[in-house]
Amino acid sequence: MSPGGPLFSWHLHWVLRGGHRHPAPSSCFTGSWRWGCLQRGSAGDPRSPWVDRYLYHMRLSDDVLLDVMARFRAEMAKGLGRDTNSTATVKMLPSFVRSLPDGSEKGDFLAVDLGGSQFRALEVKVFNDGKQSSQLESKFYPTPKEVIQGSGTELFNYVADCLLDFMESKNLQHKKLPLGFTFSFPCKQTKLEEGALLAWTKHFKVRGVQGTDVVSSLRKALQKHKDIDVDVLAMVNDTVGTMMTCGYDDPHCEVGLIIGTGTNACYMEEMRHIDLVEGDEGRMCINTEWGAFGDDGALDDLRTEFDRELDLGSLNPGKQLFEKMISSLYLGELVRLILLKMTKEGLLFNGKVSTALLTKDKIEMKHVCAMEKYKEGLSNTKEILTELNLFPSEEDCIAVQHVCTIVSFRSANLCAAALAAILTRLRENKKVLRLRTTVGIDGGLYKTHPQYPKRLHKVVRRLVPNCDVRFLLSQSGSSKGAAMVTAVAYRLAAQRKQIDAVLAPFLLSLDTLREVKNKMRAELEYGLKRETQASATVKMLPTYVCGTPDGTESGKFLALDLGGTNFRVLLVKIRSGRRRSVQMYNKIFAIPLEIMQGTGEELFDHIVQCIADFLEYMGIKGARLPLGFTFSFPCRQASIDKGTLVGWTKGFKATDCEGEDVVDMLREAIRRRNEFDLDIVAVVNDTVGTMMTCGYEDPNCEIGLIAGTGSNVCYMEDMKNIEIVEGNEGKMCINTEWGGFGDNGCIDNIRTKYDKQVDEGSLNAGKQRYEKMTSGMYLGEIVRQILIDLTKQGLLFRGQISESLRKRGIFETKFLSQIESDRLALLQVRRILQQLGLDSTCEDSIIVKEVCGAVSRRAAQLCGAGLAAIVEKKRENRGVEHLQITVGVDGTLYKLHPHFSRVLQETVRELAPQCDVTFMLSEDGSGKGAALITAVAKRLHNIGRK
């Protein structure tokens, strides 16, 4: 029997199917198998082990592929790490492509594509017509051997000459056009338009280019042509270009795959995982350069003797080992080496080795593709082998056809395993149980091989069953992708300009902040002077709190806390001496909107009802306890227990209260109820309470700051400076009520149109302007107004203003704190926006986060500028060169916002460099503080009586 006869075919079939010991998965091989129609021979045929050695290791089970997938994921992680990238074979190169097309791109763009057997120049017209349509015209140029193996200057001059020829043929030479450069070789990019070549591949061996910036080389070559004006905006490789081309047609496309002369993949990675690039916001396309996977020996157990022989005969032995097992550049040669050895062993062509089998690269990928066209039977195979002077028998043709199948199937399997690793990483990045995504594909092997796409799709779906993957063939190739990257870069640059213009008024320079500090200082002085106090915007209200705790305070005290939508009643037990302590018991009561905005009598009756419930609850209804009333609204005090309401803030609008003494209104309500009596010792502001609470712990605390729903400061002022109160001895706490700063127009130069919109829509238009720029009650609304404006400009939410975004108050300040958290990924930001009914993209989320940051940073800086004015005044009051002082702070904005406190403290340090300021968080300033003020007032009263 001849070596190429039926007996051999039976053995080859047995080996390909894995024999009885290694059953192949049912879907491991597809195609029209013809082994069964051949004559069955003896399993003891001596040639069987040879066939086993040739082909058995190319059969990859699902377990092996899952192992390859795990190895590739580990290499990806190494490539992304700063400390491990240098030893990673999969380099995971940042492309600086940060955004996919969104359909709003428009304009004329040029592209050049260098990386294959031909060079291509293109003009791409992108239309923003709602249909995401584009028009492409191109011209191909050869890449002569003397160019691709010559000098760098010759190569880039040739590219520039071809581009000039193309522009002249399209009459474009007089237009200034942006250009995208597809450069399909491994590059280390430092910008979108800057990248140094790491290594040549695909038979390119140009001298003097490796390690240099290829965009700079192209620009130099273009500058020699004075009659064209081209701006190179972006450099991409063909894989990124493929993803961008498909991304224009399918917004779900976030993976690019090339399977042709070379092979590679790219995908959109979370910035927080890319150690090689600064910044954590958004995503960036990573060019994996997966062709080098296995260069460290990670795939040695899967490489056959034929892979090793092929590698040794290549231009770059030991490199791009994964690519040599997958790409069309090498598969034909791999088939030749297998057939040569089989023939030498007498298993094919009657053992006759022809010149064709001895000639490197004689069998090409086009031959392999043609021989695997099963529908055409063996005619293609016989014709090709005959042309190669091999003169095959029918059995030879069958055997060769299936060798081709095994080789190309292994390629699809390995490609699927690496792609499955990328898809799994994407799914885990998004924290979803099931991923829906699109893979954009280009490359001759995928496009021309009759079985390859089906095999690849099937294996990918089997390896990652929790990913719904659409495979989208790139119609215009990677060249259009370079134009799309350029178009996106062009769009983003224009958008960046618009966004910067919107946010520019929120960026306050140090000089501007000094100006704010100086204006605040002037307003503080106006408020303290008798002749100017009436017209001052910063009212500087005396509190008649003339001391801070000294540690001797003791007893039981009640405290009331009214300052927001909730009202608290507290019992505070203060113990002095060595076992000094403060114990508190409290109960929270809601204040309905109809009470907040009803009559004054209804409001105070509700407060007294709450007090009665608490006294009943604590079992102390019969005791006449001293009470401190924290009333967190602007009051003008005539004594510590008399406070006339200047005006409501924070959404309160109860009638018949402004201009009235709130202590008298509380006493009247207690008398009306006629169930209990209380000794109302002090009416206090929450800011003063905050200072007193911290003063109990730190005697150096003489300033209180509230940065929460509202914004205010108090401090201990020398009596001699307070002209509106008699006496010059000692100190008194001044409640600045600085929220009204700017109501006279003195800070109109820094108020934006968004501040004015928020003010006009508020309950107290024209008042509390500084507070409306710095307090938590208004920051979310400022953000909402900016988001509406950006959406109207088409920069957010696809230009669609949702119903929820139209609702005033929808964007609460707590969302700013959540969105600006450093620990929060953009995916979680998107979820917060979705809760608000805002369907956002990744890019939208970045912009929203930036807007929140600009608004909250300005608030913290303005607050810091005001506080710097206070501490400077304290330093001058004491007449010292250097001041050490503590500021007691309370408020959700200061406590919960991730950056507010830091920015505020930095601003104070910048603007008051001679003041060493310690910031101390208050523990319940409005409750505990009110009790401490009452206790101090009682102590001072008793001293006065003695």
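Here, the structure is the one placed above.
The following refers to the structure shown. What you are looking at is a predicted structure, and each value in this text was computed from that prediction instead of being measured.

Before going further, it helps to spend a moment on the overall build of the protein chain. Tallying secondary structure elements over the protein chain gives 32 helices and 26 strands in all. Across its three principal directions, the C-alpha atoms of the protein chain cover 130 × 70 × 50 Å. When burial is assessed residue by residue, the protein chain has 60% of its 946 residues classed as buried. A separation threshold of at least 6 residues defines the contact pool for the protein chain, and within that pool the share at least 24 residues apart is 71%. Distance between charge centroids for the protein chain: 3 Å, based on 123 positive and 119 negative side chains.

Below, the discussion takes up the sheet that holds strand E24 (residues 731-735). Taken in spatial order, the six strands make up an open sheet running E14-E24-E23-E22-E25-E26, and their pairing is mixed. A single partner strand is all that each edge strand has here, and the edge strands are strand E14 (541-542) and strand E26 (915-921). Relative to E24, strand E23 (residues 711-718) runs antiparallel, the two being bridged by five bridges. Counted as the bridge partner of tyrosine 715 is isoleucine 734 from E24. The strands that helix H29 (residues 842-878) touches are strand E22 (701-707), E23, E24, strand E25 (883-890) and E26; relative to E23, the one it contacts most, it runs at about 5°.

The way to describe two aromatic rings as a pair is by their centre distance and the angle between their planes. Inspection of every chain in the model, using the stated rule, returns 23 aromatic pairs. Relative to tryptophan 200, the ring of phenylalanine 183 lies with its centre 5.8 Å away and its plane at 65°, an arrangement referred to as edge-to-face. Taken as a pair, phenylalanine 183 in strand E5 (residues 176-183) and tryptophan 200 in the loop between strand E7 (194-197) and helix H6 (214-223) lie far apart in primary sequence, 17 residues in all. With a relative accessible area of 11%, tryptophan 200 lands in the buried category. With a centroid separation of 6.2 Å and an interplanar angle of 25°, the aromatic rings of phenylalanine 506 and tyrosine 754 are classed as stacked. On the criterion of sequence distance, the pair formed by phenylalanine 506 in the loop between helix H17 (477-503) and helix H18 (510-528) and tyrosine 754 in helix H23 (residues 753-760) is long-range, its members being 248 residues apart. Site record: aromatic cluster; members linked through ring pairs are Phe181, Phe183, Phe185, Trp200 and Phe204. Here the guanidinium or amino end of lysine 587 rests over the ring plane of tyrosine 617, the centre of that ring lying 4.6 Å away.

As summarised here, the arrangement of the five strands in space is E4-E3-E2-E5-E8, forming an open sheet in which the pairing is mixed. Of all the strands in the sheet, the pair left with one neighbour each is strand E4 (133-142) and strand E8 (229-236). For this sheet the average axis-to-axis angle between neighbouring strands, irrespective of direction, equals 25°. Against the sheet, helix H5 (residues 152-169) makes contact with strand E2 (107-114), strand E3 (118-127), E4, E5 and E8, and its axis sits at roughly 130° relative to E4, the strand it touches most. Sheet strands in contact with H6 are E2, E5 and E8, and its direction is about 160° off that of E8.

Moving on: the packing of helix H25 (residues 776-792) against H29. Where H25 contacts H29, the two axes come as close as 10 Å, and the packing angle between them is 140°. The orientation of H25 relative to H29 falls into the category oblique. Between H25 and H29 lies a crossing of right-handed hand. Two secondary-structure elements touch here, H25 through Leu779, Ile782, Val783, Ile786, Leu787 and Leu790 and H29 through Ile847, Val848, Val851, Cys852, Val855, Ser856, Arg858 and Ala859.

Its location among the elements puts aspartate 679 in strand E21 (residues 679-684). Other than its neighbours up to four places away in sequence, aspartate 679 contacts Arg624, Leu625, Pro626, Leu627 and Lys938.

Among the nonpolar cores identified, the biggest contains 117 residues, and Leu257, Trp290 and Leu456 are the most heavily contacted of them. Not counting the four nearest positions on each side in its chain, leucine 257 is found in contact with Thr239, Thr242, Asn264, Ala265, Trp290, Cys415, Leu419, Val439, Gly440, Ile441, Asp442 and Leu456. The next biggest cluster of nonpolar side chains, apart from the first, holds 84 residues, and it includes Leu524, Tyr715, Leu805 and Leu893.

A word on the packing of H18 against helix H31 (residues 900-911). For the pair H18 and H31, the least separation of the axes is 11 Å and the interaxial angle reads 80°. On the basis of the axis angle, H18 is roughly perpendicular to H31. Contact residues: H18 offers Leu510, Leu513, Arg514 and Lys517, while H31 offers Thr907, Glu910 and Leu911. Counted by class, the contact of H18 with H31 contains three nonpolar, one polar and three charged residues.

So, on to the pattern of salt bridges. All told, the structure shown has 60 salt bridges when counted by the stated rule. Put simply, aspartate 718 and lysine 720 hold a salt bridge, and the shortest N to O gap is 3.1 Å. For aspartate 718, a relative accessible area of 12% corresponds to the buried category. What makes lysine 720 exposed here is its relative accessible area of 51%. The partner of lysine 895 in a salt bridge is aspartate 890, and the shortest N-O contact between them spans 2.9 Å. Lysine 895 gets classed as partly exposed once you look at its relative accessible area, which sits at 39%. A single network of salt bridges, built from pairs that share partners, joins Arg521, Glu525, Glu717, Lys873 and Glu876.

Glancing now at the environment of tyrosine 374. For tyrosine 374, the position within the fold is in the loop between helix H12 (365-371) and helix H13 (379-387). Residues tyrosine 374 and lysine 139 lie 235 residues apart in sequence; the distance between their C-alpha atoms is 35 Å. Within the structure, tyrosine 374 has its side chain in polar contact with the side chain of threonine 405 (distance 2.3 Å).

Time to look at the pairing of strand E11 (residues 283-287). Counted residue by residue, E11 has five buried out of five residues, so it is predominantly covered. Residue alternation in E11 divides its side chains into two sets, Arg283, Cys285 and Asn287 and Met284 and Ile286, and both sets are buried. Bridging between strand E1 (residues 93-94) and E11 involves two bridges; their strand directions are antiparallel. From the neighbouring strand, leucine 93 faces E11, where its bridge partner is asparagine 287. Across five bridges, the pairing between strand E10 (residues 263-270) and E11 is antiparallel. Looking at E11, one finds that tyrosine 267 is bridged to isoleucine 286.

For the rest of this paragraph, the subject is the pairing of E3. Among the 10 residues in E3, seven count as buried, and that is most of the element. Of the strand pairs in this sheet, E2 and E3 are connected by seven bridges, and their pairing is antiparallel. Looking at the pairing, alanine 111 lines up with leucine 122 of E3. Here E2 hands over to E3 after three residues, the two strands then running antiparallel side by side. With 10 bridges joining them, E3 and E4 adopt antiparallel strand pairing.

On to the environment of aspartate 789, then. For aspartate 789, the location among the structural elements is in helix H25. On the basis of relative accessibility, which here comes to 14%, the residue aspartate 789 falls in the buried class. Taking the C-alpha atoms as reference, aspartate 789 lies 9.5 Å from isoleucine 801; in sequence the two are 12 residues apart. In this structure aspartate 789 touches Val502, Lys753 and Tyr754, once residues within four positions along its chain are discounted. A distance of 2.5 Å separates a polar atom in the side chain of aspartate 789 from a polar atom in the side chain of tyrosine 754.

In this structure, phenylalanine 349 is a non-glycine residue whose phi angle is positive, near 50°. With respect to the secondary-structure elements, phenylalanine 349 resides in the loop between helix H10 (328-344) and helix H11 (355-358). One non-glycine residue with positive phi stands out, namely tyrosine 544, at about 65°. Counting through the fold element by element, tyrosine 544 comes out in the loop between E14 and strand E15 (555-562).

Conventions used here
- Numbers given for residues are sequential positions, taken from 1 along each chain in its written order.
- Local features in this predicted model are restricted to residues of pLDDT 70 or higher, and side-chain atom pairs are both shown and tallied only at a pLDDT of 80 or more, whereas totals for entire chains, interfaces and linings draw on every residue.
- Values shown for side chains rest on all heavy atoms present in the structure; no hydrogens or waters enter the calculation.
- Strands are runs of DSSP state E lasting at least two residues, helices are runs of H or I lasting at least four, and both sets are numbered from the N terminus onward.
- We call a residue buried when its accessible area falls under 20% of the maximum for its residue type, exposed when it is over 50%, and partly exposed in between, using a 1.4 Å probe and counting protein chains only.
- Contact criterion: two residues are considered in contact whenever any of their non-hydrogen atoms come within 4.5 Å of each other.
- Counted charges follow a simple rule, with Lys and Arg positive, Asp and Glu negative, and His plus the chain ends left uncounted.
- Think of each charge as sitting on NZ of Lys, CZ of Arg, CG of Asp or CD of Glu.
- Two strands qualify as a pair provided that DSSP identifies no fewer than 2 bridges between them.
- Helix axes are fitted to C-alpha atoms over the stretch in contact, other axes to C-alpha atoms as well, and angles between N-to-C directions run from 0 to 180 degrees.
- We call Phe, Tyr and Trp rings a pair once their centres come within 6.5 Å, taking the six-membered ring for Trp, and we label the pair stacked below 30 degrees between planes, edge-to-face above 60, and tilted otherwise.
- Consider the ring centre and the ring normal. A charge sits over the ring if Lys NZ or Arg CZ is within 6 Å of that centre and within 35 degrees of that normal.
- Angles are sorted into four bins: roughly parallel if under 35 degrees, roughly antiparallel if over 145, roughly perpendicular if 65 to 115, and oblique for all others.
- Crossing handedness: left-handed means the near helix sits turned counterclockwise from the far one by under a right angle, and right-handed means the same turn made clockwise.
- Only buried residues count toward a nonpolar core, which is a set of Ala, Val, Leu, Ile, Met, Phe, Trp, Tyr and Cys residues joined through side-chain atoms within 4.5 Å.
- All amino acids are sorted into three groups, where Ala, Val, Leu, Ile, Met, Phe, Trp, Tyr, Cys and Pro are nonpolar, Asp, Glu, Lys and Arg are charged, and the leftover types, Gly among them, are polar.
- Each reported salt bridge corresponds to a side-chain nitrogen of Lys or Arg within 4 Å of a carboxyl oxygen of Asp or Glu.
- Nitrogen and oxygen atoms within 3.5 Å of one another constitute a polar contact, given that in protein one can donate a hydrogen and the other can accept it, and given that sequence-neighbouring residues count only through two side-chain atoms.

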